Amino acid sequence: MAGDPALERIRAAIRRLDAPRTLAELARAEPRLGADPWYRTVADYVQRRLWQPASEPAPGGLAVGSLQQVLRWLLAEEIAAAAGLFAEGRYADTRRVCERAARIDGQCAQLALLRGMAMAADAPKDWATLIEARRWLTVAATDPALQDECRRAAEHLDTALDRRERTEVTRLAEGYAAIRRVYDRTTLYYVEAVNMRASLVALGGKVDRARRRCRPGRPGARSLDALARTITSDLAVLRAALGL
């Protein structure tokens with residue numbers, strides 16, 4: 001039934017984001033296909049999806065299995081293209097196809113998986129890209145049929161993120177150690193204490209930004225939490241010494 005001309009017209013209208021035409025084609029097909037389960041699933045998708053931003057789930061949405069079935073039908077060209085490009089190692093092109101598909105509907109689990117894996121492969125050392133890739137794997141894992149594949153991809157990505165977070169922790173910890181070395185004396189002049197405080201405040205800001213990027217509960221996050229507490233403690237001592 002998915003290849004029925006009426007359903008293909010509905011599909012084309014959805015892909016063009018043409019709501020009036022989509023509703024018109026549904027109404028036109030209703031007398032002949034109204035009792036067909038696949039037509040009813042597509043119609044339910046349209047009614048729930050209509051006017052919603054493509055990146056947001058529609059309220060009271062379809063069951064996951066039905067939603068993903070509709071999206072595989074709706075975005076078949078993009079899924080095939082992205083899978084082919086990924087297999088060829090053309091990761092940037094894979095991402096572009098997935099981004100284009102997301103303008104129609106950003107909930108497709110298969111494309112989310114391909115997008116996440118392509119991002120990780122395309123920029124394996126870029127922290128922000130790895131974080132976004134991990135989020136796309138979370139989207140993909142909403143489809144039970146993809147959970148095993150998502151878990152394997154997530155394990156690989158978590159290893160890369162742990163490595164990147166360790167690099168950031170080391171950099172910030174070395175910055176803290178450098179500050180302590182500069183001011184490693186029992187007694188500091190007032191201006192030295194002021195300068196040390198300014199350096200710690202600046203470093204603390206960098207640590208806070210890194211903490212917001214780190215995944216809660218991971219080793220990098222725990223290390224940064226400890227460093228933040230140490231900096232806070234040092235700043236409290238300096239504030240007291242400076243009478244602030």
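Above this text sits the structure in question.
Numbering of residues starts from 1 in every chain and runs along the sequence as written. Local features are withheld for residues below a pLDDT of 70 in this predicted model, meaning they are given only at 70 or higher, and side-chain atom pairs are given and counted only at 80 or more; totals for whole chains, interfaces and linings count all residues. As a convention, hydrogens and water are excluded, and side-chain values are obtained from all of the structure's heavy atoms.

Asks: Outline the pattern of salt bridges, listing residues and values.
Replies: Where charged atoms of side chains with opposite charge meet at close range, the side chains can pair. When a carboxyl oxygen of Asp or Glu is within 4 Å of a side-chain nitrogen of Lys or Arg, the pair counts as a salt bridge. Under the defined criterion, the tally for this structure stands at 27 salt bridges. Note that Asp-158 and Arg-215 form a salt bridge whose closest N and O atoms lie 3.0 Å from each other. With Asp-158 in helix α9 (residues 147-182) and Arg-215 in the loop between α10 (190-213) and α11 (219-242), the pair connects residues that are 57 residues apart, well separated along the chain. For Arg-215, a relative accessible area of 15% translates into the label buried. For Asp-162, the salt bridge identified is with Arg-215, shortest N-O distance 2.7 Å. Of this pair, Asp-162 sits in helix α9 while Arg-215 sits in the loop between α10 and α11, and the two are 53 residues apart along the sequence. Comparing Asp-162 with Arg-215, the two get one shared label, buried. Secondary structure elements follow DSSP: runs of H or I of four or more residues count as helices, runs of E of two or more count as strands, with numbering from the N terminus. Each residue is assigned to one of three classes by its accessible area relative to the maximum for its type, calculated with a 1.4 Å probe on protein chains only: buried under 20%, partly exposed between the two thresholds, exposed over 50%.

Asks: Could you give me a rundown of α10, with the residues and numbers involved?
Replies: Under the convention used throughout, the expected extent of a helix is 1.5 Å for every residue step, that is, one less than its residue count. If you check α10, its first and last C-alpha atoms are 35 Å apart, about what 24 residues at 1.5 Å a residue would give, namely 34 Å. Turning to α10, its buried residues number three or more, namely Glu-192, Ala-193, Met-196, Leu-200, Leu-203, Gly-204, Val-207 and Ala-210.

Asks: Would you mind going over empty space enclosed by the protein in detail, with residue names and values included?
Replies: With a 1 Å grid laid over protein atoms only, a set of points is called a cavity when a 1.4 Å probe fits there but cannot get out and a pocket when it is open yet has protein on both sides within 12 Å along at least five of seven lines; lining residues have an atom within 4 Å of a point. Grid points are joined across faces, edges and corners, and a volume is the space filled by probe spheres set on the points. The tally for this structure, following the rule as stated, stands at 1 cavity of 30 Å³ or more. Of the voids in this model, the largest cavity is the one considered here, and its volume is about 60 Å³. Elements represented by at least two residues in the lining of the largest cavity include exactly α6 (91-102) and α7 (109-122). Looking at the lining of the largest cavity residue by residue, the class counts come to 8 nonpolar, 1 polar and 2 charged. Each residue is assigned to one class: nonpolar for Ala, Val, Leu, Ile, Met, Phe, Trp, Tyr, Cys and Pro, charged for Asp, Glu, Lys and Arg, and polar for all the others, Gly among them.

Asks: Break down the packing of aromatic side chains for me, with residues and values.
Replies: Pairing of aromatic side chains requires ring centres within 6.5 Å, counting the rings of Phe and Tyr and the six-membered ring of Trp. Pairs whose planes differ by under 30 degrees are stacked, by over 60 edge-to-face, and all others tilted. Per the counting criterion, the structure on display carries 2 aromatic pairs. Note on Trp-38 and Trp-73: the rings are 5.5 Å apart at their centroids and 85° apart in plane angle, and the pair reads as edge-to-face. Note that Trp-38 is positioned in helix α3 (residues 37-49) and Trp-73 in helix α4 (residues 64-74), a separation of 35 residues in sequence. Accessibility expressed as a relative area gives 13% for Trp-38, which makes it buried. Judged by its relative accessible area of 11%, Trp-73 is buried.

Asks: Quick one: what's the story with the environment of Glu-78, residue by residue and with numbers?
Replies: By the element assignment, Glu-78 lies in helix α5 (residues 76-87). Under the relative-accessibility criterion, Glu-78 is labelled buried at 6%. For the pair formed by Glu-78 and Ala-101, sequence separation is 23 residues and the distance between their alpha carbons is 6.3 Å. If we skip the residues at most four places from it in the chain, Glu-78 touches Arg-15, Val-97, Ala-101, Ile-104 and Leu-111. Only heavy atoms matter for contacts: two residues are in contact if any of them lie within 4.5 Å across the pair.

Asks: Before we move on, could you go through the packing of helix α1 (residues 5-15) against α3 and cite the residues and values that matter?
Replies: To obtain each axis, a line is fitted to C-alpha atoms, and for helices this fit is confined to the stretch in contact; angles are then taken between N-to-C directions over 0 to 180 degrees. For the pair α1 and α3, interaxial distance at closest approach is 12 Å and the crossing angle is 20°. When the interaxial angle is binned, α1 and α3 end up roughly parallel. Every pair of crossing elements has a handedness; the one defined by α1 and α3 is left-handed. On the side of α1, the interface is formed by Leu-7, Ile-10 and Ile-14, while α3 contributes Trp-38, Tyr-39, Val-42, Tyr-45 and Val-46. Orientation categories follow fixed angle ranges, with anything under 35 degrees roughly parallel, anything over 145 roughly antiparallel, 65 to 115 roughly perpendicular, and all other angles oblique. Crossing handedness follows the turn of the near helix against the far one: under a right angle anticlockwise gives a left-handed crossing, and clockwise gives a right-handed one.

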